[in-house]
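Given next are the chains, with one letter for each unit.
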Amino acid sequence: GEVVWDGDKIRAVKNFVSLNIRIPHQVFDCSKMGYQYIFDRERNAFNNTLIISPPGAGKTTFLRDITRLLSHQRPIINVLLVDERSEIAAVHNSTPQLDVGQNTDIISNSSKAFAFEQGIRAMRPDVIVVDELAGGEDIEAINYALSAGVAVIASIHAKNIYDLCNKKNFDIIVTKKLFDLFMVLSNLHGPGTVQGIFDSDFKEIAI
């Protein structure tokens, strides 16, 4: 279609010639292989985790299942899901259409910056889950959460850790070691294939 601009703002998209309809679905326990590394028993704390995946390799489905498993954690923890585009929980009329766990609070259709700030102030989350980091503002939101003592599990589009290092505005992830754990997904054996799990120094700890 054609994008209609008003200055630097998009006002409309018109003259569509095709539509891409995405239907979210649930794959229970698809993240179990990676999930076991998210909680660090030695530190008794959650690893700040970044899921790296090219488009279509299952990262959102993977992240949805991680959220569900976190919500079933015992003892109970407070999970905040920042569902910026309503793709993970698919909330409709205040009710999630997909299972993200009973102990998960959801903020939908909000910028990451707003959801992180207000969620941390009002909901006292132990872990925040968020999809698709896209730029400097998203990194600032992550930094805000980590400095407040809240663990973050997020995802980003990249083929591997080398692509991640070359992404604009994301060098701070590497230099400041914002994440303790990196999980790389691919389509090698179907969407959600765990290609490798790496620590903050990009040392491979599991395949």
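Just so it is clear, the structure is predicted and the values come from calculations on it, not from any experiment. (Residues numbered from 1 in each chain as written. Predicted model: local features only at pLDDT ≥ 70, side-chain atom pairs only at ≥ 80, totals over all residues. Heavy atoms only, no water.)

One can expect most non-glycine residues to show negative phi and most peptide bonds to be in trans. Of the consecutive residues R74 and P75, the connecting peptide bond is found in the cis state with omega at -5°. Of note, P75 is situated in the loop between α2 (59–71) and β6 (79–83). Positive phi values are uncommon outside glycine, yet K177 reaches one of about 50°. Tracing the chain through its elements places K177 in the loop between α6 (171–175) and β12 (181–186). On the basis of relative accessible area, K177 is assigned to the partly exposed category, the value being 43%. (Helix = DSSP H or I, 4+ residues; strand = E, 2+ residues; numbered from the N terminus. Buried < 20%, exposed > 50% of the residue type's maximum accessible area, 1.4 Å probe, protein only.)

Before going further, it helps to spend a moment on the environment of A134. Position of A134 relative to the elements: it lies in the loop between β10 (127–130) and α4 (136–147). Through-space distance from the C-alpha of A134 to that of N169 is 9.1 Å; in sequence the pair is 35 residues apart.

A few words now on the packing of aromatic side chains. Within this structure, the stated rule accounts for three aromatic pairs. Every member of this aromatic cluster is reached through a ring pair, and the members are F179, F182 and F202. (Phe/Tyr/Trp six-rings, centres within 6.5 Å; stacked < 30°, edge-to-face > 60°.)

The next subject is the nonpolar core. Counting residues in each nonpolar core, the largest one holds 29 residues, and the members touching the most others are L50, I52, F116, L133, I173 and F179. When contributions to this core are tallied by element, the ones reaching two or more residues are β5 (49–53), β6, α3 (112–123), β10, α4, β11 (151–157), α5 (161–166) and β12. At four residues, α4 tops the list of elements feeding residues into this core. With residues near it in sequence (within four places) discarded, L133 still touches L50, K112, D138, I139, I142, A154, S155, I156, F170 and F179. L69, I153, M183 and V194 belong to the second-largest nonpolar core, a separate cluster that totals 25 residues. (Core = buried A, V, L, I, M, F, W, Y, C linked by side-chain atoms within 4.5 Å. Contact = heavy atoms within 4.5 Å.)

Axis separation between α3 and α4 bottoms out at 8 Å; the angle between their running directions is 15°. Taken together, the axes of α3 and α4 are roughly parallel relative to one another. The hand of the α3/α4 crossing is left-handed. Contacts between α3 and α4 pair K112, A113, F116, E117, I120 and R121 from the former with D138, A141, I142, Y144 and A145 from the latter. Here the residues of the contact of α3 with α4 sort into seven nonpolar, no polar and four charged. (Axes fitted to C-alpha atoms, helices over the stretch in contact; angles between N-to-C directions. Parallel < 35°, antiparallel > 145°, perpendicular 65-115°, else oblique. Left-handed = near helix turned anticlockwise from the far one by under 90°. Nonpolar A, V, L, I, M, F, W, Y, C, P; charged D, E, K, R; others polar.)

In short, shape yes, function no, at least from these values alone.
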